[in-house]
Amino acid sequence: MLPIFAKELLRQEVTEKRSIDIPEEVREAYRLWRPTPLIRATRLERLLKTPARIYYKYEGVSPTGSHKPNTAVPQAYYNMKEGVEKLTTETGAGQWGSSLAYAGTLFDLEIEVYMVRISYEQKPYRKVMMRMYGAEVIPSPSTRTEVGRRILEEFPDTPGSLGIAISEAVEQCLKDENTKYSLGSVLNHVLMHQTVTGQEAQAQLGTVDEYPDKVIGCVGGGSNFAGVAYPYIGEKLRGKAPKDTEFIAVESTACPSLSKGEYLYDHGDTGRMTPLMRMFTLGHEFIPDPIHAGGLRYHGMAPQISSLANHGIIKPRAYNQIEALEAAATFTKAEGLIPAPETAHAVKATIDEALQCKETGEAKTILTLMSGHGYFDMSAYEDYLDGKLQPYELPQPRIDETLSRLKRMYPFQ
Ligand SMILES: *Cc1c(COP(=O)(O)O)cnc(C)c1O
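Residues numbered from 1 in each chain as written. Predicted model: local features only at pLDDT ≥ 70, side-chain atom pairs only at ≥ 80, totals over all residues. Heavy atoms only, no water.

1. Side note on the packing of aromatic side chains
Summed over all chains, the structure comprises 12 aromatic pairs. Grouped by ring-pair contacts, the aromatic residues Tyr30, Trp33, Tyr102 and Tyr133 constitute a single cluster. The positively charged end of Lys127 is found above the aromatic ring belonging to Tyr120, 3.9 Å away from the centroid. (Phe/Tyr/Trp six-rings, centres within 6.5 Å; stacked < 30°, edge-to-face > 60°. Lys NZ or Arg CZ within 6 Å of the ring centre and 35° of its normal.)

Take a look at the structure:
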């Protein structure tokens, strides 16, 4: 892994320390938008006529409008410290690419972004944002890499996938000594950087004597959910939690790795450049349908989140994009802000849980991570309003197909 990642990030990847201090330079950068607000959604509660108390932690106030700079900034910082000059990465909806591009401006790093082709075409403004930060953006699969050329030859019309884009970014990083690769989700160190949100939420909820009965977040690779949930899961596992909190990880029915995938050893990327990781996966060859929630289209899931789900500590749930965006529309009318399509999946779970409380009459406390705003995603909401969305649900035979190929490739499992 040393040619790919900064040493300090690898140290964090395998550390057994309970906590790692945030470097002063990173805190100084965080001060631009952290701590992020924790907001009680009183108007949504009234609209739903629920006795539940709904709190959301809003990460949309960061420069790029999501939780992703929470890890982009420390990753860029540690790379800069080690003399790295350039970072390559992949991006789906453009959230990660823009966040790393922003972090690059803070520590004077060049950023090269492989953007999933379908998003490159559907989300032109994220691309402009990355270029404003000075990054180079390449639609993936591209002809710049061997992996890209191989895939384009076989599937010239492919919409691309995160798995393919990761392979390209890793291949490109390996070509140059002063270039490293940066990943926006899935890995242990990324999940740990995100726990700044859960730690803030603990402090903020503490000031109003609240403790969540339910913690909710959407999951693509698992980082924003881990961020808000881990500090609470830690308390629960150490027997220090005052409540038997439930942790709900929400994914898309178009890419249901936790709820319909299997817990197997698989690669993190389509080109099989990464080591095998045990995780809930749909198979590294899986290419999801073109849904708007680009950040929820990853074939696998963070190994840590997978393990917690396997132990029943995290409960997975999946919704289709129509249900999700409909919930977002309800939220918008009540609370004013428009969630990202990914976040909309968490909003749907939040509303369902609040409605459940209405039926049972229980005044539960719900904490939801609002991973980002949707102001670059108006084409998704336009399609929703015009009735043009498909309620994609991945058919079982497609899952069986990619998983049986994976099991044939690695018959030890
Ligand atoms: C990237 C992204 C996600 C999904 O990624 P995770 O690592 O699972 O958090 C969710 N919401 C938003 C707004 C994103 O940008």
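2. Describing the site of the ligand
Taken together, 17 residues sit near the ligand, with Lys68, Ser185, Gly220, Ser223 and Asn224 positioned nearest. The separation between an oxygen atom of the ligand and a polar main-chain atom of Gly220 is 2.7 Å. Within the side chain of Asn224, an N or O atom sits 2.7 Å from an oxygen atom of the ligand. Protein chains shield 97% of the accessible area of the ligand, which is 380 Å² for the free molecule. When the residues that make up the shell around the ligand are grouped by side-chain class, the tally is 3 nonpolar, 12 polar and 2 charged. (Near = heavy atom within 4 Å. Polar contact = N/O pair within 3.5 Å; in protein donor to acceptor, adjacent residues only side chain to side chain. Areas by Shrake-Rupley, 256 points an atom, 1.4 Å probe, with all protein chains shown as cover. Nonpolar A, V, L, I, M, F, W, Y, C, P; charged D, E, K, R; others polar.)

3. A word on empty space enclosed by the protein
Evaluated as defined, the whole model comprises 4 cavities of 30 Å³ or more. Taken as a whole, the largest cavity spans an internal volume of roughly 390 Å³. Considering the residues around the largest cavity, the lining is formed by 31 residues, among which Lys68, Leu162, Ser185, Gly221 and Gly295 are closest to the centre. The set of elements that each furnish at least two residues to the lining of the largest cavity consists of strand 3 (86–91), helix 5 (95–107), helix 9 (162–174), helix 11 (223–237) and helix 15 (341–360). Within the lining of the largest cavity, the residues separate by chemical class into 11 nonpolar, 17 polar and 3 charged. Inspection of the lining of the largest cavity shows a minimum of three residues originating in each of domain 1 (32–65 + 194–409) and domain 2 (69–185). (1 Å grid on protein atoms, 1.4 Å probe; cavity = no way out; pocket = protein on both sides within 12 Å on 5 of 7 lines; lining within 4 Å. Points joined across faces, edges and corners; volume = space filled by probe spheres on them. Helix = DSSP H or I, 4+ residues; strand = E, 2+ residues; numbered from the N terminus. Domains from an automatic or database assignment.)

4. Thoughts on the sheet that holds strand 4 (residues 110–116)
The 4 strands lie next to each other as 5-4-3-6, forming an open sheet whose pairing is parallel. Edge positions in the sheet fall to strand 5 (136–140) and strand 6 (179–181), since each has one partner strand and no second. Strand after strand, the sheet turns through a mean of 25° between neighbouring axes, direction not considered. Against the sheet, helix 9 touches strand 3, strand 4, strand 5 and strand 6, its axis set at about 170° to strand 3. (Pairing = 2+ DSSP bridges. Axes fitted to C-alpha atoms, helices over the stretch in contact; angles between N-to-C directions. Contact = heavy atoms within 4.5 Å.)

5. What to know about the environment of Ala324
Turning to its location among the elements, Ala324 is positioned in helix 14 (residues 321–335). Residue classification places Ala324 among the buried positions, given a relative accessible area of 0%. Placed 80 residues apart in sequence, Ala324 and Asp244 show a C-alpha to C-alpha distance of 27 Å. Other than its neighbours up to four places away in sequence, Ala324 contacts Ala344, His345 and Lys348. (Buried < 20%, exposed > 50% of the residue type's maximum accessible area, 1.4 Å probe, protein only.)

6. So, a negative patch on the surface
Taken together, the side chains of Glu85, Glu110, Asp176 and Glu177 define an acidic patch exposed on the protein surface. Here Glu177 lies in the loop between helix 9 and strand 6. According to the relative accessible area criterion, Glu177 is exposed, its value standing at 74%. (Patch = residues over 30% accessible without salt bridge, like charges linked within 9 Å, V, L, I, M, F, W, Y side chains within 5 Å. Salt bridge = Lys/Arg side-chain N within 4 Å of Asp/Glu carboxyl O. Lys, Arg positive; Asp, Glu negative; His and termini not counted. Charge placed at Lys NZ, Arg CZ, Asp CG, Glu CD.)

7. Structural notes on the domain arrangement of the protein
Its domain assignment divides the protein into domain 1 (32–65 + 194–409) and domain 2 (69–185). Taking only C-alpha atoms, the centre of domain 1 and the centre of domain 2 are 24 Å apart. Facing 33 residues of domain 1, the contacting portion of domain 2 comprises 33 residues. For the pair domain 1 and domain 2, the summed buried area comes to about 2,400 Å², and 58% of that belongs to carbon and sulfur atoms. In terms of surface lost to domain 2, no three residues of domain 1 exceed Thr64, Met273 and Phe376, which account for 26% of the buried area on that side. The interface formed by domain 1 and domain 2 includes 9 residue pairs in polar contact (both at pLDDT 80 or more). (Buried area = accessible area lost by both parts, 1.4 Å probe.)

8. Topic: the layout of surface pockets
Gaps left between atoms show up when a probe the size of a water molecule is rolled over them. Each pocket or cavity is described by its volume, and for the largest pocket that value is around 1,200 Å³. Top contributing element to the lining of the largest pocket by residue count: helix 10 (residues 188–206), with 8 residues. Grouping the amino acids of the lining of the largest pocket by side-chain chemistry returns 16 nonpolar, 12 polar and 11 charged. Looking at the second largest pocket, its volume works out to about 520 Å³. If you trace the second largest pocket, you find 18 residues lining it, with Glu154, Phe155, Thr270, Glu285 and Ile287 closest to the centre.

9. Re helix 5
Its 13 residues place the ends of helix 5 19 Å apart at the C-alpha level, agreeing with the 18 Å of an ideal helix rising 1.5 Å per residue. With respect to burial, helix 5 is a largely interior element, 11 of its 13 residues being buried. Structurally, helix 5 contributes buried residues whose contacts are with helix 2 (24–30), helix 4 (69–81), strand 3, strand 4 and helix 7 (124–132). (Expected span 1.5 Å × (residues − 1).)

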